[in-house]
Amino acid sequence: MIRENIKQRITELARQSNRDELLWISGYVAGLAGGHIAHPAADSPLMDMPVNGSAAITTATVIYGTETGNAKKIATQVAALLKQQKIVVKLVDAAQYKVENLAKEKNLLIIISTQGDGEPPLAAKPFYDYLKSGTAALHGTNYAVLALGSTAYPLFCQTGIEVDEWLKRSGAKALLPLVKCDEDFDAEVNTWIADLQQLTRSAAQPAAQTVVKKGKAKVRAEVTFNILLNDEGSRRQTHHIELKLLDQFAYTPGDAVGIYPHNSAHAVQQIIALSGMAADYAIRYKEEEYVLSDLLRYKLCIVHLSLRTIDKYATLTGYDIPETRMDLYDLLRIYPVKNTEQFIAAVGLLDAIAPRLYTLSSSPAAHEGELHLTVLRLPVMHEEKTNYGLCSDYLSQLEAGTVVDVFLHQHKHFQLPPHHADIVMIGPGTGIAPFRSFIAERDVAGASGKNWLFFGEKDFVTDFYYQTELQAWHDTGVLHNIDLAWEHGPGEIKTVTDALLLQAEELWQWINSGAYIMISGEKDPMSKAVEDALLTIAQQQGGHDEASAALWLKQLSKEGRYAKDVY
Ligand SMILES: Cc1cc2nc3c(=O)[nH]c(=O)nc-3n(C[C@H](O)[C@H](O)[C@H](O)COP(=O)(O)OP(=O)(O)OC[C@H]3O[C@@H](n4cnc5c(N)ncnc54)[C@H](O)[C@@H]3O)c2cc1C
Ligand SMILES: Cc1cc2nc3c(=O)[nH]c(=O)nc-3n(C[C@H](O)[C@H](O)[C@H](O)COP(=O)(O)O)c2cc1C
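What counts and what doesn't
- Residues numbered from 1 in each chain as written.
- Chains lettered and ligands numbered in written order.
- Predicted model: local features only at pLDDT ≥ 70, side-chain atom pairs only at ≥ 80, totals over all residues.
- Heavy atoms only, no water.
- Helix = DSSP H or I, 4+ residues; strand = E, 2+ residues; numbered from the N terminus.
- Buried < 20%, exposed > 50% of the residue type's maximum accessible area, 1.4 Å probe, protein only.
- Contact = heavy atoms within 4.5 Å.
- Areas by Shrake-Rupley, 256 points an atom, 1.4 Å probe, with all protein chains shown as cover.
- Near = heavy atom within 4 Å.
- Polar contact = N/O pair within 3.5 Å; in protein donor to acceptor, adjacent residues only side chain to side chain.
- Nonpolar A, V, L, I, M, F, W, Y, C, P; charged D, E, K, R; others polar.
- Pairing = 2+ DSSP bridges.
- Axes fitted to C-alpha atoms, helices over the stretch in contact; angles between N-to-C directions.
- Right-handed = clockwise from strand over helix to strand, strands pointing away.
- Core = buried A, V, L, I, M, F, W, Y, C linked by side-chain atoms within 4.5 Å.
- Arc of directions from axis to C-beta.

Draft legend 1. Representation of the overall build of the protein within the structure. When helices and strands are counted, the protein shows 19 helices and 21 strands. Across the 567 residues in the protein, those meeting the buried criterion constitute 48%. For the protein, restricting intrachain contacts to residue pairs at least 6 apart in sequence, the fraction spanning at least 24 positions comes to 73%. Within the structure as shown, the protein displays about 27400 Å² of accessible surface, and the carbon and sulfur contribution to it stands at 53%.

Draft legend 2. How the structure looks around the site of ligand 1. Around ligand 1, the surrounding shell holds 20 residues, and the nearest of these are Leu357, Tyr358, Thr374, Cys391 and Ser392. In the environment of ligand 1, an oxygen atom lies 2.8 Å from a nitrogen or oxygen atom belonging to the side chain of arginine 356. Isolated, ligand 1 exposes 970 Å² of accessible area, and the fraction of that covered by the protein chains is 73%. Elements supplying a minimum of two residues to the shell around ligand 1: β12 (356–359), β13 (370–376), β14 (379–382) and α12 (390–396). Residue classes in the shell around ligand 1 are distributed as ten nonpolar, eight polar and two charged.

Draft legend 3. Focus on the sheet that holds strand β8 (residues 238–245). With respect to topology, six strands assemble into an open sheet ordered β12-β9-β16-β7-β8-β13, the strand pairing being antiparallel. If you trace the sheet from one side to the other, it starts and ends with β12 and β13, each paired once. Neighbour-to-neighbour, the strand axes of this sheet turn through a mean angle of 40°, independent of strand direction. In terms of strand pairing, strand β9 (residues 256–259) meets β12 through four bridges, oriented antiparallel. Across the sheet, alanine 256 pairs through a bridge with threonine 359, a residue of β12. Together, β8, β12 and β13 form the strand contacts of helix α13 (residues 432–445), whose direction differs from that of β13 by roughly 150°.

Draft legend 4. Fine view of the sheet that holds strand β17 (residues 423–426). Taking strand neighbours across the sheet as the criterion, the five strands line up as β19-β18-β17-β20-β21 in an open arrangement whose pairing is parallel. The open sheet terminates on both sides in strands that have one partner only, identified here as β19 (481–486) and β21 (562–566). The mean angle between the axes of side-by-side strands here comes to 10°, regardless of whether they run parallel or antiparallel. Two strands pair when backbone bridges link them, and β17 and strand β20 (residues 516–521) are joined in this way by four bridges, in the parallel orientation. Bridged to isoleucine 423 within β20 is tyrosine 516.

Draft legend 5. Quick peek at the pairing of strand β3 (residues 107–113). Judged by how many residues are buried, β3 sits mostly within the fold: seven of seven residues are covered. Burial along β3 is two-sided: Asn107, Leu109, Ile111 and Ser113 and Leu108, Ile110 and Ile112, pointing in opposite directions, are all buried. Summarising the sheet, strand β1 (residues 59–65) and β3 pair through five bridges and their orientation is parallel. Residue pairing across strands places tyrosine 64 opposite isoleucine 111, the latter belonging to β3. The pairing of β3 with strand β4 (residues 142–148) spans seven bridges and is parallel. Following the sheet pairing, leucine 108 is matched in β4 by tyrosine 143. At this point the chain moves from β3, through helix α4 (residues 125–133), to the parallel β4, and the crossover so formed is right-handed.

Draft legend 6. Structural context of the nonpolar core. If you look at the biggest cluster of nonpolar residues, it comprises 29 residues, and the most contacted ones within it are Leu296, Ile302, Tyr313, Ile321 and Leu331. For this core, the secondary-structure elements that each account for two or more residues are α7 (265–275), β10 (282–285), α8 (292–299), α9 (307–317), α10 (328–334) and α11 (340–348). The leading source of residues in this core is α7, at four residues. In contact with tyrosine 313, other than residues within four places in its own chain, are Ile321, Leu331, Leu332, Tyr335, Pro336, Val337, Ala346 and Leu349. Judged by nonpolar contacts, the second largest core, of 27 residues, contains Ala144, Leu146, Leu148 and Leu199.

Draft legend 7. Looking closely at α7. Considered for burial, the residues of α7 that qualify are Ala267, Val268, Ile271 and Ile272. An end-on view of α7 places all buried positions within 130° of arc, on one side of the element. Relative to its buried face, α7 has exposed residues pointing more than 90 degrees away, namely His266, Gln269 and Ala273. For α7, the secondary structure elements touched by its buried residues are α8, α10 and α11. Looking one or two residues beyond α7, the residue adopting positive phi is glycine 276, at roughly 75°.

Draft legend 8. Structural detail: the side chain of threonine 141. With respect to the helices, strands and loops of the structure, threonine 141 is situated in the loop between α4 and β4. The contact partners of threonine 141, leaving out residues within four places of it in the chain, are Leu102, Ala103, Glu105, Lys106, Leu108, Ala172 and Lys173.

Draft legend 9. Inspection of the site of ligand 2 at higher detail. In the region of ligand 2, 22 residues are neighbours, and Thr66, Thr68, Ala71, Thr114 and Cys157 sit closest. With respect to ligand 2, the side chain of glutamine 115 contributes an N or O atom lying 3.1 Å from an oxygen atom. Protein coverage of the free-state accessible area of ligand 2, which is 640 Å², stands at 92%. Tallied by class, residues from the shell around ligand 2 come to seven nonpolar, eleven polar and four charged.

None of the figures reported here should be taken as evidence of function without further support.
Structure (structure tokens):
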């Protein structure tokens, strides 16, 4: 039996296709089902592909761009499967790939994720910039792009979309159409691999089995402690949360964890009451069976819906809805569904909840078997009322005994420098998190490198996070220097940037003696202002002009001595 939605899509596709295209599609689909692709149409990109052994592909280069390892995992499996088909495969990290070789590639398979607000993974940025520049002439290259992303972000799979576009612009020929994958990417990835195998397989060879499994292995951790770090009267709500690991989990200082937040029970109840459905109504979502209340509580985005979801809802219901993000409850209240079927269809339009990352403030050596988080409960204004960001609100309310799932997000570019190296740590607000981990780790290890911390927040009286610990580390000589900045304090030093500029001379000596500079916390404006301050210091203290100061910082970054964990 064919599912109704698939049948509708095929009918639509058939309506739009001419006879040749229909013949091609029928052969292609038969090939997918039975292992044979027949009669590609003359203008199909697949025509350029040697299928069924006629002139089979013999080489392929698989390039991956990753932040958290999913793309690497998939790329490794793709490479292994192609090797089983006797293809000579080169597997390369985009960070290591020599872009001048691009034009020599015959068959290029790119697997790349999107990060930040529609940005490439940090290490893949030079590769991405090269493609963007349009320098490459790739008329002899075939390619396929697998884009990893999450529909919970407004710029879904943006990097993969751009890479695909730029390759096309450079004259390369698409072996397969771009494939965009959401967080639960197994099905799309397996289909992509199967399609590739169809293109690379000689008739005699059976397809190797596709076995990609979802990348982010979750472990369980139990909340043991959740306290507010701010004193009464503070403008901030920053929580220190301790979790006891229930499963094996290895991390290093500088790493983060990913957490999937839950929606509030109250918000879910409101929606269910409005819908008139039973909370335990059985409903399917992405091939899995759920109870309605669980689906809304744990799986789907029901607050601050994306404009894409609102737009799809408008198409579904026929309302003229302005382009404004709003909660599902308000959407259903203001623009009610007509019946149960429409409500179920509307639920099907919702994005899955995306995980949020939190840099760990614990150290594996000092806090064995534990994970510590430093979380700002993020205020967001909604109709002149203060709400809070979904995950930070969820975390700030976790009670001792609650078990949460977390996954590792390695920060390969933000790790504790070698024992002997000095570190300048700039971490206002929750940016303190990795530096608490660094100092605690170095304290246990007896590392010889010196540590200098720049910390800042709103007010000295209420917002000096981890004051007792920092004071003790300073007293025992683990923390050599600590400079503080208070936005609402009486002094002149309002921001960490002010503090850095005040200490320019000594700071320059540390940097010249090999110190690492590491920044954590707010991306904009904090990390940008800090970077500007470093460039100013290089000019004032090091005799650089504007251009050479920029080159100096670039070089420092290349050597791994200038690193950022900013968000
Ligand atoms: C590598 C990395 C490390 C990080 N480490 C830390 C850390 O150690 N500590 C920490 O506290 N954070 C950290 N973060 C940030 C963290 O991942 C989350 O982004 C942060 O907690 C906010 O998530 P949230 O779910 O609370 O907010 P979200 O719900 O995702 O809200 C994000 C934004 O969406 C808008 N928005 C959301 N809901 C509404 C609404 N109802 N009405 C209007 N606008 C709305 C607002 O502009 C809001 O600022 C880190 C991020 C990264 C990438
Ligand atoms: C901080 C952060 C920002 C992200 N931003 C986006 C985004 O803008 N667009 C998108 O489609 N996916 C985004 N994602 C989702 C990732 O692309 C997705 O999790 C992907 O599977 C990660 O693959 P990787 O492990 O190879 O980096 C983001 C994920 C994180 C953790």
